[in-house]
Each structure stands twice: as structure tokens, then as C-alpha cells.
Amino acid sequence: MTDLPSKIDPEIAAETLALHLAAFFERGRPNREAGWERIAVDALHTVVRIPAVRADGRVDSYFVLVGGEYYDMWPPQVAFVEPVEGEYREAVQGSPWWPVQNNAPGFQFGLHEKYRYPDGTERQLICFSHSLDYYLSNHSPTEDQRWRQGRHTVSATLSRIRDVLTAPNYKGPGNGQYP
Amino acid sequence: MTTVPSTHAEADHGHNLQVTIYDEDALTEFEVSGVPSSTVGEVVTRFYQNDLKRERRTGDRLVCEETGESVFQHEAQHLEAYQHTACSALKWTFKGDTGGA
């Protein structure tokens, strides 16, 4: 059984997340493909716009809220969100802000609109071992899968989400019709 | 930079091919240089030994950046032939295993 995550000193977490996000945008996927954007929310939260590519080559965009309250001892907290009057709230299945995908991006992954967490709350779960909520929802990684501070960074998290948003796993926005 | 030695000096034309490997998990970049007659597998082995410093694991993924195709399925191929037929820029992306549900 994996220990439940606990929050990190907020100043340290914010500084580390900012450093790693800057490095990701400078040297990671955003440096090699168009469509990425960072939108600051507060010291511990950033919204990242991520491109998604359909099978026919069309490119969509999704917003992912990245939270660093437990970072980088634990992965960042991530959720698909939609912009609402200057703020961001969790995306709803069937909306253009919710990606239709097969949960088969080439690694173990699950996207749940509403998941009941052990603490009784019900909210989105992006389920893979580079996402904080994987641990908050009592999932247990193997030693090879476990998030490792000093080895894994927010690059691992956002790059995997980008992989999820690639055809053939990715179909299109939630308000469309797909075969 | 890591270099894979030649075992076929005459065929190697005296030049090395450079493979760039992006580790997306740690956001680091490695360069492994190999002679044209070295195999893709030899380059992969050097990457694991000298850069990752561990054994390969079941869930590891190493893909050609331009095609998304797994590098592991080309391990027996000579590097120059691999460059001409499968991954012209010799840029790879490494991602370790993840769990999920």
C-alpha cells in the first residue's frame, strides 16, 4: 500500500513547480511543437493549454489545471478544465473541453469524469502514476511505476497527457460524433 | 557523449552517427554516437548503461520522435540502415513505465 500524499511547504512547492514548468516549456514538448501555452492562476496553480491531434490531422486544444501543493515529492495534481468567466472549473463529459479518447494511449491510463475518492469527495480523476490523484485515490504503483522525486518532473505528467491526446487513442472534443 | 565502438572498420567510412535521446520523464537529453555498422541494440544498451544507469524494464518506451515507432523492434538493424529506412533524424524519446486505471 502506498503512503497517502501530504502537502509540501507552499513556498518550496511553488518554486519547484515554477522552475520545472519553465524548463519544460523551454526544453520539452512545447519547444518542439506548436499549441502549448501557460496561463498563471496563482503561485501553486497554472493552466496549461495542450494541443490534441485527431486521426485526420486536425488539432484541438484542451486546458489542464496543474496544481503543485504536493510537488515534487508527489506528482502535480491535474484536471481537464473549462474557462468560465475568468476562472476555470472541471470540464464536463460531452462538452468541447472534455476529450473523447479510448483510455489506451500505450500505457496504463484512465480518465474519469466523476470518481469517488476515499475522503468522500467526488471529482475528476486523471488516473496514471504521474498524477497526484492516482495516489489520493489509493491506487498502488509497482516500484518501476512509482513517481520518484529527483527523477520525474512535471514534464513526465504533461508529456503523458499529450500522448493521450494523440490519435488513434484521441478521437476529438466531447461535443462531437465519432465512429 | 557515449560512443559505440566499431567492429567493421572498413564499412564504417570513418564517420559516426549521432543519436539524440530525450528523456521526457526527467527532461534531460543524451547523445549516443555510433558507427554506421553498430546495431540499434548496441546504442540502446549504451543508453541504458551510461545514461539511465539501470536495466531495461518491461514498461519502458523508446520511440523515434518523427514516427512514434518503437526503437526496440529495430534492435538487430545496423544504425545506418535504420536511419535510412525508419528514423532519419535519429532522435528518440524515452518514457518510463506508468501505472493507471
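What you see is a predicted model, and the numbers here were worked out from it, not measured in a lab.

Procedures and definitions
Residues numbered from 1 in each chain as written. Chains lettered and ligands numbered in written order. Predicted model: local features only at pLDDT ≥ 70, side-chain atom pairs only at ≥ 80, totals over all residues. Heavy atoms only, no water. Contact = heavy atoms within 4.5 Å. Buried area = accessible area lost by both parts, 1.4 Å probe. Salt bridge = Lys/Arg side-chain N within 4 Å of Asp/Glu carboxyl O. Helix = DSSP H or I, 4+ residues; strand = E, 2+ residues; numbered from the N terminus. Nonpolar A, V, L, I, M, F, W, Y, C, P; charged D, E, K, R; others polar. Disulfide = S-S within 2.5 Å. Buried < 20%, exposed > 50% of the residue type's maximum accessible area, 1.4 Å probe, protein only. Expected span 1.5 Å × (residues − 1). Polar contact = N/O pair within 3.5 Å; in protein donor to acceptor, adjacent residues only side chain to side chain. Pairing = 2+ DSSP bridges. Axes fitted to C-alpha atoms, helices over the stretch in contact; angles between N-to-C directions.

Describing the interface of chain B and chain A
Taken together, the contacts link 19 residues of chain B with 29 residues of chain A. Note on chain B versus chain A: buried area summed over both sides is about 2000 Å², and carbon and sulfur give 40% of it. Applying the counting rule to chain B against chain A returns 9 salt bridges. Among the ionic pairs, Arg160(A) bridges to Asp25(B), the shortest N-O distance being 3.0 Å. Taken together, the elements giving at least two residues each to the side of chain B that touches chain A come down to β2 (17–23) and β5 (91–95) of chain B. Ranked by residue count, the leading element in the side of chain B that touches chain A is β5(B), at 3 residues. When grouped by side-chain class, the residues that make up the side of chain B that touches chain A number 6 nonpolar, 5 polar and 8 charged.

As for the state of the cysteines
Residue and element names in this part refer to chain B. As enumerated under the stated definition, the model contains 1 disulfide over all chains in all. Note that Cys64 is cross-linked by a disulfide to Cys87, the S-S spacing being 2.2 Å. Disulfide Cys64-Cys87: torsion about the S-S bond near 95°, hence right-handed. Of this pair, Cys64 sits in strand β4 (residues 61–64) while Cys87 sits in the loop between α2 (79–85) and β5; the two residues are 23 residues apart in sequence, bridging distant segments of the chain. A single burial state applies to Cys64 and to Cys87, both of which are buried.

Some points on helix α1 (residues 10–27) of chain A
Residues and elements named next belong to chain A. In this model α1 runs 25 Å from its N-terminal to its C-terminal C-alpha over 18 residues, within 8% of the 26 Å that 1.5 Å per residue would give. Residues of α1 that are buried: Ala13, Ala14, Thr16, Leu17, His20, Leu21, Ala23, Phe24 and Phe25. Looking at the packing, one finds that the buried side of α1 touches α2 (29–32), β1 (37–42), β2 (45–53), β3 (59–67) and α4 (154–164). In this structure Asp9 caps α1, since a side-chain oxygen of it lies 3.0 Å from the backbone nitrogen of Glu11.

Brief notes about the pattern of salt bridges
For the structure on display, the rule yields 23 salt bridges over all chains. Between Arg58(A) and Asp56(A) there is a salt bridge; the shortest N-O distance is 2.9 Å. The class of Arg58(A) is partly exposed, set by a relative accessible area of 47%. The closest approach of N and O atoms between Asp163(A) and Arg61(B), which form a salt bridge, is 3.9 Å. With Asp163(A) in helix α4 and Arg61(B) in strand β4, this residue pair bridges two chains. Taking relative accessible area as the criterion, Asp163(A) reaches 11% and is therefore assigned buried. Through salt bridges with shared partners, a single ionic network connects Arg29(A), Arg32(A), Asp163(A), Glu24(B), Arg61(B), Glu65(B) and Lys95(B).

So, the sheet that holds strand β5 (residues 87–90) of chain A
All names here are of chain A. Reading across from one edge, β1-β2-β3-β4-β5 is the order of the 5 strands in this open sheet, with antiparallel pairing throughout. A single partner strand is all that each edge strand has here, and the edge strands are β1 and β5. Taking each pair of neighbouring strands and ignoring which way they run, the sheet shows an average axis angle of 45°. Of the strand pairs in this sheet, β3 and strand β4 (residues 77–84) are connected by 5 bridges, and their pairing is antiparallel. Paired with Phe63 across the two strands is Val81, which belongs to β4.

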